[in-house]
Amino acid sequence: MDEQALLGLNPNADSDFRQRALAYFEQLKISPDAWQACAEALAQRTYSDDHIKFFCFQVLEHQVKYKYSELTTVQQQLIRETLISWLQTQMLNPQPEKTFIRNKAAQVFALLFVTEYLTKWPKFFFDILSVVDLNPRGVDLYLRILMAIDSELVDRDVVHTSEEARRNTLIKDTMREQCIPNLVESWYQILQNYQYTNSEVTCQCLEVVGAYVSWIDLSLIANDRFINMLLGHMSIEVLREEACDCLFEIVNKGMDPVDKMKLVESLCQVLQSAGFFSIDQEEDVDFLARFSKLVNGMGQSLIVSWTKLIKSGDIKNAQEALQAIETKVALMLQLLIHEDDDISSNIIGFCYDYLHILKQLTVLSDQQKANVEAIMLAVVKKLTYDEEYNFENEGEDEAMFVEYRKQLKLLLDRLAQVSPELLLASVRRVFSSTLQNWQTTRFMEVEVAIRLLYMLAEALPVSHGAHFSGDVSKASALQDMMRTLVTSGVSSYQHTSVTLEFFETVVRYEKFFTVEPQHIPCVLMAFLDHRGLRHSSAKVRSRTAYLFSRFVKSLNKQMNPFIEDILNRIQDLLELSPPENGYQSLLSSDDQLFIYETAGVLVVNSEYPAERKQALMRNLLTPLMEKFKILLEKLMLAQDEERQACLADCLNHAVGFASRTSKAFSNKQTVKQCGCSEVYLDCLQTFLPALSCPLQKDILRSGVRTFLHRMIICLEEEVLPFIPSASEHMLKDCEAKDLQEFIPLINQITAKFKIQVSPFLQQMFMPLLHAIFEVLLRPAEENDQSAALEKQMLRRSYFAFLQTVTGSGMSEVIANQGAENVERVLITVIQGAVEYPDPIAQKTCFIILSKLVELWGGKDGPVGFADFVYKHIVPACFLAPLKQTFDLADAQTVLALSECAVTLKTIHLKRGPECVQYLQQEYLPSLQVAPEIIQVRAAQQILLLEKCGYGMYHSV
């Protein structure tokens, strides 16, 4: 072996040595016999360096995984002997190998096992056991090998081919017949020998038992000697967590519902008598988290048994199962309310399923009602933030609590299904008592009180948020709580969590303000002052900007009396902040988008006359236009690239803000009614010069392009005079991404204005195509996946453009480009349909071809098109599905095939018997199709294509 290359395996080696080691590894993988040197090194303990040993196992692993079938019988025998020899040496080593080497060795053993067990090495386990006996180092490796084998056979995270899955099933069946009882016996012996002397080995063995129990005969494990031993381990501190997990796997095993019920009940009795149900006396939270998972498994298993027994009509045993479930509820509640969230989280599944049972019962007993109330109180308590929660810098712990809260929300929703009245009454009680004294109550209690009100909206669902009509008692309760929320002054609470919850809830129940509109002014003030948009926390300001926009939009009919006041108060928040003034804006540019949208909504939905609306909109947009002109001039003069980028960002924000105000308009009619067409045309004239700026083209073009998209909707044909010049600028010096983003704009114009833009389209058609072809033909690195993806997306955009043109009844745009250009375009569509393995593009190409055949395929079509149909389109319909890359297991490919079939059918409809004759006498014979298949009436095949998909292709 190359000793110099092996030096690079050391983690401290420099990059050159590491590169050499990597290259050497690749070399050994390719070499047909280099693995033998690695096998010899392992068997003879040539190297003491751990990284070299690991390296040798990696080479062997590659050989077994990818090249084993190429080896001779003698070579395969050598690998088996090498691994057994290495195992034997481990019994004698003064020190065990490092864990990462043992794990890698176990993986190689497992790979060899799945390859050879059914054929050449049926005594695999007996050979291993005869070597390791009860030697602790040997047992350690034996257990690691078993876990690696389980991972190969059972692990659902490992993706297996259907052939591998069949092989794994056969291996498990064979193991059950031949060796599982012996393996189980070995586990028992290991547990018995090491339970008091070697906790590491014992825990490993318990993990193995837990892994294998899911697919072996349960009676081998669920018997007195094993269960008694496991219960004994529950009292040994270093073993009890693994013992708990092992019992959980046993309980989780699928089995007859009555047998499962008996197993769980016997387990529970022993655990209870051993004192494990006394949760409050246990201080080890790690163990309790595992124990909670076990109780959850037992509870859910009993519920599954109850469900099966009910379905089968076994009422007697179902009643016993329900009784067994009920006796676990007290323990479940203790675990649910535990202060450690992991312990609580692990029992939520049982709790949720228990509530599902109660939902199905026609009448609840007093105890069951008490249980529901206890769960409700537990959820309220556990929803509450603790003192350690870091609101300013949320990390992993905070993210876990957010996820935990989502689980609790599901419980709350299920509680609402069981007893909506109880939930409403409980929330009302907590909410009212908390908000009466909010000034002296801790923030987490105030937050959770408001949060509960917020959560009721989804827990007690209604259509279109109509919480304040219909059921009088519910509407009245919610109305009272909302009134208390907005009049109590709690919006002034000095904690971000309370503030945010206040605004979230106000927006969630916006329909309240249509019932009691007198509260709108005080809520608006909360949004606009230091409690909302001017809060000291950027997080609160940001979220409030979005919520304020929603609030105003949902209550636009009630906003009229406050419009001018709101616009005056948000004036400073609309400021475009140029990079050089150093002023730190209260809101980010993304937040300002919501404020501009809000301002636009207020103006457009006001009851003012058109002149006043126009004046207000001009007041809103004129400062943006003025700043835009100044900043554009500064950008043209800027030398520093960083300053250029800052100025371009600011210009882009200005365009974005103007664009966002237009979201208040649904179409041109509303723009005209408000008298705002002129101000948006002024904006267009102000923004379009940015397209000719040679600096920061990407960001400027992107902003203006987005604005044009909006103006096509808002101004309709009034925008058309600006399009040619804008298009000319956007096609200069463009990259794939520029074209991808430009084509949807042209598609929008084409689809909307159709014949109106025909002269423009005819003029820019070939310049656009030249720009596209130029980018597509640029050379790129062979392995540059990013460039390949960009080209694929551009190709799709190109075909989408042609589809829009043909689908909008504007085929003359293509036809008028001259015969040579027309043929070039059509050939690219044929290539897209056949050559590129992209079913989305192929589908589009066949839609284009089908449309062109429909338009031009008749007797009066363009000269030469009929020849093109037979020379190119018909072959494309056959060649595309015959490509190896045409994968009919893929849904998009099936759609492409369908469009391909439609194209053939359209050709037949337009060309009639001539098409059938061509297929029978010329094309199909050229593909060496058997004459008897050709004799099947081709016309019938074509007519059936749309329905049957690919019968004809299959024949070919």
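This one's a predicted model, so the numbers in the text were calculated from it and none came from an experiment.

## Here's the deal with the side chain of Ser662
- With respect to the helices, strands and loops of the structure, Ser662 is situated in the loop between helix 31 (641-661) and helix 32 (668-673).
- Ser662 sits in the buried class, given a relative accessible area of 0%.
- When neighbours within four sequence positions are excluded, Ser662 is seen to be in contact with Tyr680, Arg710, Met711 and Cys714.

## Thoughts on helix 20 (residues 396-418)
- Taking 1.5 Å per residue, 23 residues should reach 33 Å; helix 20 reaches 34 Å between its end C-alpha atoms and fits that length.
- All buried positions along helix 20 are accounted for by Glu398, Phe401, Tyr404, Arg405, Leu408, Leu411, Leu412, Asp413, Arg414, Leu415, Ala416 and Val418.
- Among the structural elements, helix 17 (329-336), helix 18 (341-360), helix 19 (366-383), helix 21 (420-436) and helix 22 (443-459) are those in contact with the buried residues of helix 20.

## Topic: the packing of aromatic side chains
- Considering all chains together, one arrives at 44 aromatic pairs under this definition.
- The interplanar angle of 65° and the centroid separation of 5.5 Å between the aromatic rings of Tyr188 and Phe226 together place this pair among those described as edge-to-face. On the criterion of sequence distance, the pair formed by Tyr188 in helix 10 (residues 180-194) and Phe226 in helix 12 (residues 224-233) is long-range, its members being 38 residues apart. Across the pair, exposure class does not vary: Tyr188 and Phe226 are buried alike.
- Geometrically, the ring pair formed by Tyr870 and Tyr918 is tilted, given 4.6 Å between the ring centres and 40° between the ring planes. Placement of the pair is Tyr870 in helix 42 (residues 865-882) and Tyr918 in helix 44 (residues 913-926), with a sequence separation of 48 residues.
- The exposure class of Tyr870 is buried, given its relative accessible area of 11%.
- An aromatic cluster is built from Phe468, Phe502, Phe503, Tyr509, Phe512, Phe513, Phe527, Phe548 and Phe551, whose rings are joined through pairwise contacts.
- Taking NZ or CZ as reference, Lys293 lies 4.7 Å from the ring centre of Phe248, over its face.
- It is Arg405 that lies over the ring of Tyr385; its NZ or CZ is 4.3 Å from the centre.

## Things to note about the side chain of Glu501
- Secondary-structure assignment places Glu501 in helix 24 (residues 496-508).
- If sequence neighbours within four positions are ignored, Glu501 has contacts with Glu447, Ile450, Arg451 and Tyr454.

## A word on the packing of helix 8 (residues 136-154) against helix 10
- One can describe the packing of helix 8 onto helix 10 by two numbers: an axis separation of 12 Å at closest approach and a directional angle of 135°. Here helix 10 runs oblique to helix 8, going by the angle between their axes. In this structure, helix 8 crosses over helix 10, and the sense of that crossing is left-handed. Across the interface between the two elements, Pro136, Val139, Tyr142, Leu143 and Leu146 from helix 8 touch Leu183, Ser186, Trp187, Ile190 and Tyr194 from helix 10.
- Of the residues that constitute the contact of helix 8 with helix 10, the class distribution is nine nonpolar, one polar and no charged.

## Some points on the pattern of salt bridges
- Scanning all chains against the criterion turns up 49 salt bridges.
- Notably, a salt bridge pairs Lys98 with Asp50, separated by 2.9 Å at the nearest N-O pair. Of the two residues, Lys98 is situated in the loop between helix 5 (73-92) and helix 6 (99-116) and Asp50 in helix 4 (residues 50-66); the sequence distance between them amounts to 48 residues.
- Several salt bridges share partner residues, and in doing so they unite Asp50, Lys53, Glu97 and Lys98 into one network.

## Examining the nonpolar core
- In terms of nonpolar packing, the biggest core is built from 328 residues, with Met175, Trp187, Phe291 and Tyr680 touching the most fellow members.
- If one sorts the elements of this core by residue count, helix 22 sits on top with 13 residues.
- Discounting residues that sit within four places of it in the chain, Met175 has contacts with Phe113, Tyr117, Phe125, Leu153, Ile180, Leu183, Tyr212 and Trp215.

## Notes on the state of the cysteines
- Under the defined criterion, the tally for this structure stands at zero disulfides.
- Of all cysteine sulfurs, the one in Cys676 lies closest to Cys674, which takes part in no disulfide; the gap is 5.1 Å.

## Quick notes on the packing of helix 7 (residues 124-132) against helix 8
- Put simply, helix 7 and helix 8 touch, their axes get as near as 9 Å, and they point 160° apart. Considering the angle they form, helix 7 stands roughly antiparallel to helix 8. Pair helix 7 / helix 8 crosses with right-handed handedness. For the pair formed by helix 7 and helix 8, the contact residues are Phe124, Phe125, Ile128, Leu129 and Val132 on the first element and Gly138, Val139, Tyr142, Ile145, Leu146 and Ile149 on the second.
- In terms of residue class, the contact of helix 7 with helix 8 is built from 10 nonpolar, one polar and no charged.

## Regarding the domain arrangement of the protein chain
- Here the protein chain is partitioned into domain 1 (257-388 + 396-418) and domain 2 (818-955).
- Look at where the C-alpha atoms of domain 1 and domain 2 centre, and you get two points 62 Å apart.

Basis of the calculations
- Residues numbered from 1 in each chain as written.
- Predicted model: local features only at pLDDT ≥ 70, side-chain atom pairs only at ≥ 80, totals over all residues.
- Heavy atoms only, no water.
- Helix = DSSP H or I, 4+ residues; strand = E, 2+ residues; numbered from the N terminus.
- Buried < 20%, exposed > 50% of the residue type's maximum accessible area, 1.4 Å probe, protein only.
- Contact = heavy atoms within 4.5 Å.
- Expected span 1.5 Å × (residues − 1).
- Phe/Tyr/Trp six-rings, centres within 6.5 Å; stacked < 30°, edge-to-face > 60°.
- Lys NZ or Arg CZ within 6 Å of the ring centre and 35° of its normal.
- Axes fitted to C-alpha atoms, helices over the stretch in contact; angles between N-to-C directions.
- Parallel < 35°, antiparallel > 145°, perpendicular 65-115°, else oblique.
- Left-handed = near helix turned anticlockwise from the far one by under 90°.
- Nonpolar A, V, L, I, M, F, W, Y, C, P; charged D, E, K, R; others polar.
- Salt bridge = Lys/Arg side-chain N within 4 Å of Asp/Glu carboxyl O.
- Core = buried A, V, L, I, M, F, W, Y, C linked by side-chain atoms within 4.5 Å.
- Disulfide = S-S within 2.5 Å.
- Domains from an automatic or database assignment.

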